[in-house]
Amino acid sequence: MKFWAAVAAASLFSATEVAAAPQVIQVNPSDLKSRNVEGRSFKLAQIKNVHFNQHGKGPRALAQVYEKYDIELPETLLAVLNQILLDIGIDLRARSLMSPRAPNATTPYNNNTAQGEVSATPIPFDVEYLTPVDIGTPPQTLPLCFDTGSSDLWVFSSNTPKSQQGGQKLFQIDNSTTAQKLQNHTWSIRYGDGSGSSGEVYLDTVSSSFTRDEHSSGIMGLGFQSINMVRPAKQKTFIANALKSLALPLFTANIRKAEAGNYNFGFIDETEFIGPISMIPVDADSGYWKFKGTAFSTGFNGTNGNISDIVVPLAHPAIADTGTTLLMIPEPIVQAYYRQVALAYDSKIYGGWVFPCNATLPDLTLYIGSYKAVIPGELINFAPADLDDPATATICYGGVQSSRGFPFAIYGNVFFKAHWTLFHVEEQKLGFAPRSGL
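Being a predicted model, the structure only gives us computed values, none of them experimental.

Visitor: Please set out helix α2 (residues 57-68) residue by residue, giving values where relevant.
Guide: Because the α-helix completes a turn every 3.6 residues, residues three or four places apart line up on one side. Between its first and last C-alpha atoms α2 spans 16 Å; for 12 residues at 1.5 Å apiece the expected length is 16 Å, and the two agree. With respect to burial, α2 is a largely interior element, 12 of its 12 residues being buried. All of the buried residues along α2 are Lys57, Gly58, Pro59, Arg60, Ala61, Leu62, Ala63, Gln64, Val65, Tyr66, Glu67 and Lys68. Positive phi shows up at Asp70, right after α2, with a value of about 55°.

Next up, the structure:
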């Protein structure tokens, strides 16, 4: 297949965004009929990024969300991030001296997807689990981050200046006989600290792979075409091009705690979840897998230990984003949750909500219409904060953080580790079910 690729406090919501709860329809996998009996289906397993640096994992994950959505980092978080990166040998302040327009990464999309060479200042926020993908002819295997919160396939390429490389495996453009440059097309993205990536665009082939190379080389965007960053003419995304060849016009995310998960394309593996699938419509015009959250409840009252089933209505726009690690939700939910945890506080030292590592964390329940999404407390203990070793750390970083200042809540991997998720591209719907094996 050919696709394009490129190288490289509570928010206020309008009445129209929150007025109506999403209609939830429960379906069984057998209800989702194949429309292409000769179509393809395949599973892509993640691999662990052995180069991932655990130091400052919590603040780095939070800063990554600000960067991704071009939101200015709070001064306290920026100061924390600068120190963390200096500790691991990266001077974030020097990034502003690099030209964000210098050619350096590449966008390969083939199936025929557009791929581009991008001038990318490497983002110092790596990911723990990657998915191998073959690009070009003969195929070059590159480990990518699968990201439903963006729509560009970009990779570091042979055109990336050495000063902007960080050990990634590069896509060798000249070695692919199917790489086709799109004349007069460019690709560009800006990040919250003023840095960015940009470059030229290519068409090339993309397919599945089973490599064990563990260094991140780029991003596979699985959002909708409207947020595609190729100009002057937007290009069809990887999933848009692949759709007609799949047995079912969908993909699923099976994200696991502390181990590699997988993405399935064109089929549903019923062993990965429990019970029927709760389907909801999404606002695909936004470019994101955008839906409406409607309410929340916490698992117990930390003052007296009593179980609390009080459901608090709080309508909010949200997106399902596999490229975000944390669960970013409205400030009132965050405050209500951490009030149940003794000695939890929003820390200027650590740049987010923290708590004693030996704290018993309550479950958090988020309601999406009638779907009750329980996030076990153990998943909200995200990372050690004061030390890198979980065995000796005394302060831990929360996997739930505030979406204050963002245009929507962001349901990231803390959510997906509890809930298997179906992305129905053709019908523009999301499906949720409790993940099996928790």
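The discussion continues.
Visitor: Pulling in residues and values, what's your account of the sheet that holds strand β31 (residues 429-434)?
Guide: Judged by pairing direction, the sheet is antiparallel, and its 7 strands sit side by side in the order β2-β18-β31-β30-β16-β17-β3 without closing on themselves. Strand pairing shows two members of the sheet lacking a second neighbour, β2 (25-27) and β3 (42-45), which therefore form its edges. With direction set aside, neighbouring strand axes in the sheet form an average angle of 25°. Alignment of strand β16 (residues 250-254) against strand β17 (residues 262-265), held across 4 bridges, turns out to be antiparallel. By the bridge assignment, Ala253 is partnered in β17 with Tyr263.

Visitor: So what's going on with helix α5 (residues 331-338)? Residues and values would help.
Guide: With 6 of 8 residues buried, α5 lies mostly within the body of the structure. Among the residues making up α5, those that are buried are Glu331, Ile333, Val334, Ala336, Tyr337 and Tyr338.

Visitor: For the UniProt feature "active site" (unreviewed entry) in the chain, give the residues involved together with the corresponding values.
Guide: Per the UniProt record, "active site" (unreviewed entry) is found at Asp147 and Asp321. The annotated residues occupy 175 residues of the chain but converge on a single region, no pair of C-alpha atoms lying more than 6.5 Å apart. Within the secondary structure, Asp147 is located in strand β9 (residues 140-147). For Asp147, a relative accessible area of 3% gives the class buried. When sequence neighbours within four positions are dropped, the list of residues in contact with Asp147 reads Lys68, Ile219, Met220, Gly221, Leu222, Gly223, Asp321, Thr322 and Gly323. Of note, Asp321 is situated in the loop between β20 (312-320) and β21 (327-329). Owing to a relative accessible area of 0%, Asp321 belongs among the buried residues under this scheme.

Visitor: Please provide a residue-by-residue account of the environment of Pro330, values included.
Guide: Residue position: Pro330 is located in the loop between β21 and α5. Along the primary structure Pro330 and Pro317 are separated by 13 residues, whereas in three dimensions their C-alpha atoms are 9.6 Å apart.

Visitor: Describe the nonpolar core, naming the residues involved and giving the relevant values.
Guide: Counting 92 residues, the largest nonpolar core has Phe265, Leu327, Ile329, Tyr338, Leu364 and Tyr411 as the members making the most contacts within it. If we skip the residues at most four places from it in the chain, Leu327 touches Leu364, Leu366, Ile375, Gly399, Val400, Gln401, Ile410, Tyr411, Gly412, Val414 and Phe415. Counting residues in each nonpolar core, the second largest holds 13 residues, with Leu130, Cys145, Leu182 and Ile219 among its members.

Visitor: Could you give an account of the packing of aromatic side chains, with specific residues and numbers?
Guide: One pass over the structure, following the stated rule, counts 25 aromatic pairs. Relative to Phe432, the ring of Phe291 has its centre 6.0 Å away and its plane inclined at 65°; by these criteria the two rings are edge-to-face. Remark: Phe432 occurs in strand β31 and Phe291 occurs in strand β19 (residues 290-298); sequence separation between them is 141 residues. Exposure remark for Phe291: the relative accessible area of 3% places this residue in the buried category. Three or more aromatic residues joined by ring pairs make a cluster, and in this case those are Phe42, Phe146, Phe224, Phe238, Phe251, Tyr263, Phe265, Trp289 and Phe423. The ring of Phe382 is capped by Lys57, whose NZ or CZ atom sits 4.9 Å from the centre of that ring. In this structure, Arg60 is placed above the aromatic ring of Phe52, and the distance from its NZ or CZ to the ring centre is 5.3 Å.

Visitor: Give me the pairing of β20: which residues, what numbers.
Guide: Relative to β20, β19 is paired through 6 bridges, and the arrangement is antiparallel. Note on β20: the bridge partner recorded for Gly293 is His316. The pairing of β20 with strand β29 (residues 409-411) spans 3 bridges and is parallel. Across the sheet, the residue bridging to Ala318 is Ala409, located in β29.

Each value, and the rule that gives it
- Residues numbered from 1 in each chain as written.
- Predicted model: local features only at pLDDT ≥ 70, side-chain atom pairs only at ≥ 80, totals over all residues.
- Heavy atoms only, no water.
- Helix = DSSP H or I, 4+ residues; strand = E, 2+ residues; numbered from the N terminus.
- Expected span 1.5 Å × (residues − 1).
- Buried < 20%, exposed > 50% of the residue type's maximum accessible area, 1.4 Å probe, protein only.
- Pairing = 2+ DSSP bridges.
- Axes fitted to C-alpha atoms, helices over the stretch in contact; angles between N-to-C directions.
- UniProt positions renumbered as here; feature names shortened; annotations may be inferred.
- Contact = heavy atoms within 4.5 Å.
- Core = buried A, V, L, I, M, F, W, Y, C linked by side-chain atoms within 4.5 Å.
- Phe/Tyr/Trp six-rings, centres within 6.5 Å; stacked < 30°, edge-to-face > 60°.
- Lys NZ or Arg CZ within 6 Å of the ring centre and 35° of its normal.

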